[in-house]
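The lines below spell out each chain.
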Amino acid sequence: MSLLEQIQNVTQQSLGEAEALPFGSYHSPEVYEAEQDKLFSQDWVFVCPEADVPEPGNYHSLTIAGEPVLVFRGKDGKLRALSNVCRHRGTLLLEGSGTTKKLICPFHAWTYSDTGELKGVPYPGDVNIDKPSHCLPEFKLDCFFGLIFVSLNKDAPPLKERFAGLEKYFSRYQLDAYRHSSGLDVAQWQANWKLVVENFVEGYHFFAVHNKTVESAASTKDCYYVEGQADWSITGGKQLDYANSIMGWLTGMREKTHFLSICMPPGFICNLYEGYMTWARVLPTGPTTCEITSGLVSRFPYKTGRIAKYYYNKIFAEDREVCERVQQGVSSPSFKGGRLVELERAVVDFHHYLGKFLFGVDHSSRFQTEHAQLFCDKNGVNKRPRPNTQAIAHS
């Protein structure tokens, strides 16, 4: 049986029989190419929150399935996803994130408008440059509750269809008020992207990996599954009463609350709290490497966000260490993964996503637990949290 056939078998398993993916799926060049072609080239890929590109001239660049993409807010206030490659000799126009008034190629200074039109060509001599044929291609862009997504697939369904069912959870947290961003952090991890997503979506590892950070505030025993399917999954947890702990000082929270962790594959995971959201974007850069971009947006002023971001960077460091350690372990040719437990149900959802996009496996059924009632009533109407006045006052 080929490796892809083994993966397909695992992606058809239900929770009671579910196993870890074959170890080869975490380092196979063949699997990596299939994922680039069928997942990242076809599905919606998260870019960043709108709070990170709020003003005209703000931009964020990324590479999706080998395609350099530039998300740019134009003078008209509209967000566009443009090719980040100069149409002259293929130079990257911009790197990272920032602000610019003009798109000027650093190689020969070809200049483009904020809509991608070629405006200027220095020293063309007697050569007539047909400017309309040298404009920057535009890709599909859509927003979902202040979150920016891009798809290279012109036929990708609208985000409201792709992530149908998530609206009631996002609207509960009133994300339109989360306008304070602590900026973006980018890191290169020596681990397969799927391994990192699987780590981010489950709370089973909190007591072991995050014993001195997360576990003191949201322990493994208080984690639970909320709702999910192949297209997305939601887990949650109860935050303990930590008025006298470091988390109480950081956030100002003084009572027990519940948080949500939402996975929107292929590579976006966010944690929603009453007052702020932490998020991570996972993009593969090779069979055994990936790029992790993370950030925090909140309704707090920047100072509080900065302190909280420092705390979450410590958590990411713990995740990175264990993921890179697992990557070394899955290089073993002698063993295969074992049975998954109840707290890894969201990992099973992610495997179903892989089966749906890689192999066309039908995973249309959705599973919901009684914990969904903590966030939505029986009619699916969201239960709005009380304003976190303590946190606001603390900032």
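Residues numbered from 1 in each chain as written. Predicted model: local features only at pLDDT ≥ 70, side-chain atom pairs only at ≥ 80, totals over all residues. Heavy atoms only, no water.

Overview of helix α9 (residues 345-359)
Residue pairs three or four apart in sequence face the same way in an α-helix, which turns once every 3.6 residues.
Here is step 1: Helix length check: α9, at 15 residues, gives a terminal C-alpha distance of 21 Å against a target of 21 Å (1.5 Å per residue), a fit within 8%.
Here is step 2: With 12 of 15 residues buried, α9 is to be regarded as a mostly interior element.
Here is step 3: Regarding α9, the residues found buried are Arg 345, Ala 346, Val 347, Val 348, Asp 349, Phe 350, His 351, His 352, Tyr 353, Leu 354, Gly 355 and Leu 358.
Here is step 4: A positive backbone phi angle near 75° is found at Gly 360, which sits one or two residues after α9. (Helix = DSSP H or I, 4+ residues; strand = E, 2+ residues; numbered from the N terminus. Expected span 1.5 Å × (residues − 1). Buried < 20%, exposed > 50% of the residue type's maximum accessible area, 1.4 Å probe, protein only.)

Some points on the side chain of Asp 43
Here is step 1: Relative to the helices and strands, Asp 43 is located in the loop between α2 (29-40) and β1 (45-49).
Here is step 2: With a relative accessible area of 2%, Asp 43 lands in the buried category.
Here is step 3: Within the structure, Asp 43 has its side chain in polar contact with the side chain of Tyr 353 (distance 2.8 Å).
Here is step 4: Beyond its immediate sequence surroundings of up to four residues, Asp 43 is in contact with Val 150, Ser 151, Arg 162, Pro 265, Pro 266, Tyr 353 and Phe 357. (Polar contact = N/O pair within 3.5 Å; in protein donor to acceptor, adjacent residues only side chain to side chain. Contact = heavy atoms within 4.5 Å.)

Quick notes on the pairing of strand β13 (residues 233-239)
Here is step 1: With 6 of 7 residues buried, β13 lies mostly within the body of the structure.
Here is step 2: Note: strand β12 (residues 223-228) against β13, 5 bridges, orientation antiparallel. Residue pairing in the sheet places Tyr 224 in a bridge with Gly 236 of β13.
Here is step 3: Connecting β12 to the antiparallel partner β13 that follows it, the hairpin turn spans 4 residues. (Pairing = 2+ DSSP bridges.)

Overview of helix α5 (residues 193-201)
Here is step 1: Judged by how many residues are buried, α5 sits mostly within the fold: 9 of 9 residues are covered.
Here is step 2: Of all the residues in α5, the buried ones are Trp 193, Lys 194, Leu 195, Val 196, Val 197, Glu 198, Asn 199, Phe 200 and Val 201.
Here is step 3: Sitting at the head of α5, Asn 192 places a side-chain oxygen 2.9 Å from the backbone nitrogen of Lys 194.

Brief notes about the pairing of β12
Here is step 1: Where burial is concerned, most of β12 is hidden: 6 out of the 6 residues are buried.
Here is step 2: Two elements, β12 and strand β18 (residues 367-368), share 2 bridges in a ladder whose sense is antiparallel. By the bridge assignment, Gly 228 is partnered in β18 with Phe 367.

Some remarks on the packing of aromatic side chains
Here is step 1: Scanning all chains against the criterion turns up 21 aromatic pairs.
Here is step 2: For the pair Phe 144 and Phe 145, a centre-to-centre distance of 5.0 Å together with 75° between the ring planes defines the contact as edge-to-face.
Here is step 3: The class for Phe 144 is buried, based on a relative accessible area of 3%.
Here is step 4: Given a relative accessible area of 33%, Phe 145 falls into the partly exposed group.
Here is step 5: An aromatic cluster is built from Phe 46, Phe 144, Phe 145, Phe 149, Phe 163, Phe 170, Phe 268 and Trp 279, whose rings are joined through pairwise contacts.
Here is step 6: Over the ring of Tyr 173 we find Arg 172, and its NZ or CZ is 4.9 Å from the ring centre. (Phe/Tyr/Trp six-rings, centres within 6.5 Å; stacked < 30°, edge-to-face > 60°. Lys NZ or Arg CZ within 6 Å of the ring centre and 35° of its normal.)

Section: the packing of α5 against α9
Here is step 1: The geometry of α5 relative to α9 is characterised by a closest axis approach of 8 Å and an angle of 145° between their N-to-C directions. Between α5 and α9 the crossing geometry is right-handed. Of the residues in α9, those touching α5 at Trp 193, Lys 194, Val 197, Glu 198 and Val 201 are Ala 346, Val 347, Phe 350, His 351 and Leu 354. (Axes fitted to C-alpha atoms, helices over the stretch in contact; angles between N-to-C directions. Left-handed = near helix turned anticlockwise from the far one by under 90°.)

Digging into a nonpolar patch on the surface
Here is step 1: A cluster of nonpolar residues, Tyr 204, Phe 207 and Val 341, forms a patch on the protein surface that exposes about 240 Å² of accessible area.
Here is step 2: With respect to the helices and strands, Phe 207 occurs in helix α6 (residues 206-209).
Here is step 3: Looking at Phe 207, the relative accessible area reads 42%, which means it is partly exposed. (Patch = residues over 30% accessible without salt bridge, like charges linked within 9 Å, V, L, I, M, F, W, Y side chains within 5 Å. Areas by Shrake-Rupley, 256 points an atom, 1.4 Å probe, with all protein chains shown as cover. Salt bridge = Lys/Arg side-chain N within 4 Å of Asp/Glu carboxyl O.)

Observations regarding the nonpolar core
Here is step 1: With 51 residues, the main nonpolar core has Trp 193, Val 196 and Val 282 as its most contacted residues.
Here is step 2: For this core, the element with the most residues is α9, which contributes 7 residues.
Here is step 3: The residues contacting Trp 193, other than those within four sequence positions of it, are Glu 35, Leu 39, Phe 40, Pro 266, Val 282, Pro 284, Cys 290, Phe 350 and Leu 354.
Here is step 4: Formed by 31 residues, the second largest nonpolar core is a distinct cluster that contains Leu 159, Trp 232, Phe 268 and Cys 376. (Core = buried A, V, L, I, M, F, W, Y, C linked by side-chain atoms within 4.5 Å.)

Examining the confidence of the model for the protein chain
Here is step 1: When pLDDT is averaged along the protein chain, the result is 89, and 89% of the positions lie at 70 or above.
Here is step 2: Taken as a whole, residues 386-395 scores under 50 in pLDDT and shows 17 contacts with residues more than four places along the chain or in a different chain. (pLDDT = per-residue confidence, 0-100.)

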